[in-house]
Amino acid sequence: MLNRTLNISTSPHITKGISTDVIMRNVVWALLPVAAFAVYAFGINALLVLITSVISCVLTEHYLCKFSKKESTITDWSAVITGLLLGLTLPPNFPLWMTFVGGVISMALGKFVFGGLGYNVFNPALVGRAVLQAAFPVAITTWSPAFLANRFSSISSSTLTFPFMEPSVDGMSGATPLAAFKFDQVATDASDLALGLISGSTGETCSLLILLGGIYLVARKMMNWRIPVSVLGTAFVFSGILYLVDNEVFPSPFFMLFSGGLMLGAVFMATDMVASPITPLGVWIYGGIIGLLVIVIRIWGGLPEGVMYAILLANAISPHIDNVIRPRVYGTSKSLKPS
Amino acid sequence: MGLFNFHRDTFKHGIHPPEQKRETNGLPIRQFPFAPVIVLPMVQHIGGPSEIVVREGQEVNRGQVLAKANGYVSVPIHAPVSGTIRKISNVPSISGKMVPGIYLEAFPSSSQEVMEGTPIDLDTATPDEILKGIQDAGIVGLGGAAFPTHVKLKVPEGKNCEILIINGIECEPYLTTDHRVMLEQADDILMGIKYLAKATGAKQTIIGIEANKTDAANHLKRMISDGDPVSVKVVPVKYPQGSEKMLITSILDREVPSGGLPIDVNIVVVNVATTAEIGRLLPHGRGIQERVITITGPGVKKKGNYLIPIGTPLRYVLEQVGVEENISEVYMGGPMMGVAVSNLDISIVKGTSGIVVFTEKEVKKAPKVYPCIKCGACVDACPIFLNPSKLGILAKFEAYDSMAEDYHLMDCFECGSCSYVCPSNIPLVQYFRLSKSIVRKRKQVTTNAK
């Protein structure tokens, strides 16, 4: 036994054992209940959108790696997350071919051109969605109501639109609570919002399940709790102040918190580790910026919803936050000056 | 300190690796047999190598000086066993380099009586005489650093040692050396503290112990006589609390300035086993011949805490305790900061606090390295608040100057917490070790050019 050739390695010789693919897989687990509710609420259309977007993202990543003669990186599961997130932000009866295009754009433009996992500046799913929003402004704002009686038996005609064709609008469209408020000044009941009994993007409607997924990841130390707390906290406080100033014009902070994509964005999108700052103080600033921007866009902007742009903008600022905000090093009196 | 200090009694950040101390912390220290041939490298400490004063063929007695200190930052080496000097030549060392050394063949059955030198009398000796006594005893930091203790204890002009901290933290997983020493050598420790307090002029002594060794803490508390300015402080278990800087912050909430020493905040820290050695050796003027070592890990059959003569070849040690068929890696020290050994012909040295053997089961076959996903786990782990993620990226781009100047690379003491938590298995500490040596070399080049 003592004649064996011993291995050598550098210290430390033990590790915590939670690897990147394990973290990514757990994010997928945390998203599954949200996806399951989406399918329950919007039926077969939502299921098709989710499956299409996941397949599109995974295939795109796999083939991009192959074409650039690298080892395929789909085993780290991050492409699945992007696929799920993209699908969850799209309307339930979004045409599948557009969904597929969105997945390709997410992976190619949002991730691969930057150098793949770890190097993306923006949340890839949101890059894909931003392009879809610009390219297909009508399709991406055509919402179907939740809990239709025939949601498990019939596929919406818009879902199966042929590529490069305009989807037909099949008459049954429901306004999202934010759009209803912005354009028609109709407020939606807060409990309906929390439980997801509303129309909206595939996965943004059930705030409670989203929060549950977030709590699971925070408990497993796979998510920075400061991000959702700072995003939601800032949005709540800012809209709360506006509400106190004039509750005729401005919606209640609870409505703001539980409507639209804010919950999904704060818990699962803004928390993209790669595209968010790394220091605690930097994270608070980053989350604060998102929270403020969301409310500003929602109230004063031309769009009913502003989560996507708020996060993309904060993603762009994130590296600069890291450059400026540096923690004080042990044994030094003040933080280092930025280079 | 912030408004809400959640870090009472301990430093900020750090990690909680599995302790793995249960298997050996209840086993009393046992004397290890003498190896037939003892191999003594002359480089066992930081500083100048010891200068050999014996010749081949000479018979030496246990405790006799074999090599003397070659300067202030150096210590002598004593014969751990009576025997014959077989050979004076280069011997393998843990760094992989061959270093000057002595092969000492033990007498098979002579009385192993110990030669004694000039005793250092606690009451009459001056601080400088105590420091000289510590150097003559060949004492270096037994916690693993192996820095000559007398150098560390010398309070520079204009500085003042207010508090002496005895380091009984032992935060490395698996190791139980200091734990057993505190349980079994309390008298020596308390005697050593008297010498140390006199040498440094410290008015107060605090023994720092982690909460997984409360039996040792209670035992020491009982042994301290009333009126002695010595106290025991139990702190929560956390790695790397055994580092001087972290321990000072944990106990006294002071921060050692960047690039400075504990004495800059009026503190001197000494390892508990080193203290026991001082208390045992100085009253007799003896030199250090053996030390307590924990031999453990899944690959070891007879795990335990052993009193092993310095210079015992590692191969002999492992033969005596027995190892499993499928051993894969052997570490000198603990699994966090210890060094993997490739050659079993190296010997136990003064700084060896433990030997941990892992089998193929524990040693992961080259874990897959993912890109940094900026999860921030390393930032939350680093006890000195560096940004290992950023440093790792800079190291990849070989931006060593930026690492040192903008991101405090040189403050890193290589505790390994960042690598431990990294989900992408990035060998951060390895990067930093390399980068530090490059920065040091560059600095040397520029000073030489001037």
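Residues numbered from 1 in each chain as written. Chains lettered and ligands numbered in written order. Predicted model: local features only at pLDDT ≥ 70, side-chain atom pairs only at ≥ 80, totals over all residues.

1. Observations regarding the overall build of chain A
At step 1: Across its full length, chain A holds 13 helices and zero strands.
At step 2: Element order for chain A, N to C, with α for helix and β for strand: α-α-α-α-α-α-α-α-α-α-α-α-α.
At step 3: Taking 20 Å as the expected radius of gyration for a compact globule of 339 residues, we find that chain A reaches 21 Å, a close match to that expectation.
At step 4: Dimensions along the principal axes, computed over C-alpha positions, put chain A at roughly 80 × 50 × 35 Å.
At step 5: Buried positions account for 53% of the 339 residues belonging to chain A.
At step 6: Expressed as a percentage of contacts within chain A between residues at least 6 apart in sequence, the contacts between residues at least 24 apart total 74%. (Helix = DSSP H or I, 4+ residues; strand = E, 2+ residues; numbered from the N terminus. Rg over C-alpha atoms; globule rule 2.2 N^0.38 Å. Buried ≥ 20, exposed ≤ 12 C-beta atoms within 10 Å, placed from the backbone. Contact = placed C-beta atoms within 7 Å.)

2. Thoughts on unusual backbone geometry
At step 1: Here the amide bond leading from Ser11(A) into Pro12(A) is cis, since omega sits at -5°, within 30 degrees of zero.
At step 2: Residue placement: Pro12(A) occurs in the segment before helix 1 (20–42).
At step 3: For the peptide bond that leads from Tyr239(B) to Pro240(B), omega is -5°, which places it in the cis range.
At step 4: Mapped onto the elements, Pro240(B) comes out in the loop between strand 11 (230–235) and helix 7 (244–252).
At step 5: Not every positive phi belongs to a glycine, and Trp77(A) is a case in point at roughly 70°.
At step 6: By the secondary structure assignment, Trp77(A) is in the loop between helix 2 (44–67) and helix 3 (78–89).
At step 7: Classification of Trp77(A) as buried rests on a count of 20 C-beta atoms within 10 Å.
At step 8: Despite not being glycine, Glu398(B) has its phi angle at roughly 55°, a positive value.
At step 9: Assignment of secondary structure puts Glu398(B) in the loop between helix 11 (388–396) and helix 12 (400–407).

3. Comments concerning the pairing of strand 15 (residues 327–332) of chain B
Regular strands show a simple pattern: their side chains alternate between the two faces of the sheet.
All names here are of chain B.
At step 1: Here strand 15 lies mainly inside the structure; six of its six residues are buried.
At step 2: With five bridges joining them, strand 15 and strand 17 (residues 354–359) adopt antiparallel strand pairing. Counted as the bridge partner of methionine 332 is isoleucine 355 from strand 17.
At step 3: Here three bridges tie strand 15 to strand 16 (residues 339–341), and the two strands are oriented antiparallel to one another. Bridging from a neighbouring strand, methionine 332 pairs with valine 339 of strand 16.
At step 4: Where strand 15 folds back on strand 16, the antiparallel hairpin that results is connected by six residues, among which glycine 333 adopts a positive phi of roughly 105°. (Pairing = 2+ DSSP bridges.)

4. As for the interface of chain A and chain B
At step 1: Tallying the contact residues gives 37 residues for chain A and 57 residues for chain B.
At step 2: In terms of residue class, the side of chain A that touches chain B is built from 17 nonpolar, 15 polar and five charged. (Nonpolar A, V, L, I, M, F, W, Y, C, P; charged D, E, K, R; others polar.)

5. Describing the sheet that holds strand 11 of chain B
All names here are of chain B.
At step 1: Here we have four strands laid out as an open sheet, ordered 11-10-9-12, and parallel in their pairing. Single-partner strands in this sheet number two, and they are strand 11 and strand 12 (267–271). Strand after strand, the sheet turns through a mean of 25° between neighbouring axes, direction not considered.
At step 2: Bridge count for strand 9 (residues 163–168) against strand 12 is five bridges, and the pairing is parallel. (Axes fitted to C-alpha atoms, helices over the stretch in contact; angles between N-to-C directions.)

6. Digging into the sheet that holds strand 5 (residues 65–68) of chain B
All names here are of chain B.
At step 1: Taken in spatial order, the three strands line up as 3-5-6 in an open sheet, and their pairing is antiparallel. For this open sheet the edge positions go to strand 3 (51–52) and strand 6 (77–78), each flanked by a neighbour on one side alone.
At step 2: The pairing of strand 3 with strand 5 spans two bridges and is classified as antiparallel. Directly across from isoleucine 52, in strand 5, lies its bridge partner alanine 67.

7. Some details on helix 8 (residues 207–219) of chain A
At step 1: Spanning 13 residues, helix 8 of chain A covers 18 Å between terminal C-alpha atoms, matching the ideal 18 Å at 1.5 Å per step.
At step 2: Every buried residue belonging to helix 8 of chain A is among Ser207(A), Leu209(A), Ile210(A), Gly213(A), Gly214(A) and Leu217(A), and all of these are buried. (Expected span 1.5 Å × (residues − 1).)

8. Quick word on helix 13 (residues 307–324) of chain A
All names here are of chain A.
At step 1: With 18 residues, helix 13 ought to run about 26 Å at 1.5 Å a step, and its terminal C-alpha atoms sit 25 Å apart, in line with that.
At step 2: Residues Val307, Met308, Ala310, Ile311, Leu312, Ala314, Asn315, Ser318, Ile321 and Asp322 constitute the buried set of helix 13.
At step 3: Turning to helix 13, the residues buried within the fold contact helix 5 (124–135), helix 11 (262–269) and helix 12 (280–300).

9. Structural notes on the pairing of strand 17 of chain B
Residue and element names in this part refer to chain B.
At step 1: Summarising burial for strand 17: five of the six residues are buried, a large majority.
At step 2: Pairing of strand 13 (residues 290–296) with strand 17, which is carried by three bridges, proceeds in the parallel orientation. From the neighbouring strand, threonine 294 faces strand 17, where its bridge partner is glycine 354.

10. A few points about the domain arrangement of chain B
Residue and element names in this part refer to chain B.
At step 1: What the domain assignment reports for chain B is domain 1 (32–108 + 290–359), domain 2 (118–284) and domain 3 (377–449).
At step 2: When each unit is reduced to the centre of its C-alpha atoms, the spacing between domain 1 and domain 2 is 24 Å.
At step 3: Opposite the 29 residues of domain 1 that make contact, domain 2 presents 23 residues.
At step 4: Taken together, the elements giving at least two residues each to the side of domain 1 that touches domain 2 come down to strand 6, strand 13 and strand 17. (Domains from an automatic or database assignment.)

11. Concerning the environment of Pro163(A)
At step 1: Inspection of the secondary structure assignment puts Pro163(A) in the loop between helix 5 and helix 6 (177–184).
At step 2: For Pro163(A) and Asn93(A), which are 70 residues apart along the polypeptide, the C-alpha to C-alpha distance reads 15 Å.

12. Notes on the environment of Ile140(A)
All names here are of chain A.
At step 1: As for its placement among the helices and strands, isoleucine 140 is situated in the loop between helix 5 and helix 6.
At step 2: A C-alpha to C-alpha distance of 6.2 Å links isoleucine 140 and proline 91, two positions 49 residues apart in sequence.
At step 3: If sequence neighbours within four positions are ignored, isoleucine 140 has contacts with Leu90, Pro91, Phe94, Leu132 and Gln133.

13. Here we look at the nonpolar core
At step 1: Counting residues in hydrophobic clusters, the biggest one holds 227 residues, and the most contacted among them are Ala38(A), Ile290(A), Ile311(A), Leu164(B) and Ile165(B).
At step 2: Among the elements that line this core, the one with the most residues is helix 1 of chain A, at twelve residues.
At step 3: Discounting chain neighbours no more than four positions away, the residues touching Ile290(A) are Val231(A), Ala270(A), Ala310(A), Ile311(A) and Ala314(A). (Core = buried A, V, L, I, M, F, W, Y, C linked by C-beta atoms within 7 Å.)

14. As for the packing of helix 3 of chain A against helix 5 of chain A
The description of two packed helices rests on the angle between their axes and on the distance between the axes.
All names here are of chain A.
At step 1: The interhelical angle for the contact between helix 3 and helix 5, taken along N-to-C directions, is 40°, at an axis separation of 8 Å. Relative to helix 5, helix 3 is oriented oblique. With respect to the hand of their crossing, helix 3 and helix 5 are arranged in right-handed fashion. Here Thr82, Leu85, Leu86 and Thr89 of helix 3 come into contact with helix 5, specifically with Pro124, Ala125, Gly128 and Arg129.
At step 2: Class assignment of the residues belonging to the contact of helix 3 with helix 5 gives a composition of four nonpolar, three polar and one charged. (Parallel < 35°, antiparallel > 145°, perpendicular 65-115°, else oblique. Left-handed = near helix turned anticlockwise from the far one by under 90°.)

15. Describing the environment of Leu244(A)
Residues and elements named next belong to chain A.
At step 1: Note on placement: leucine 244 falls in helix 9 (residues 226–245).
At step 2: Judged by the 10 C-beta atoms lying within 10 Å of it, leucine 244 falls in the exposed class.
At step 3: The spatial distance from the C-alpha of leucine 244 to the C-alpha of leucine 109 is 42 Å, given a sequence separation of 135 residues.

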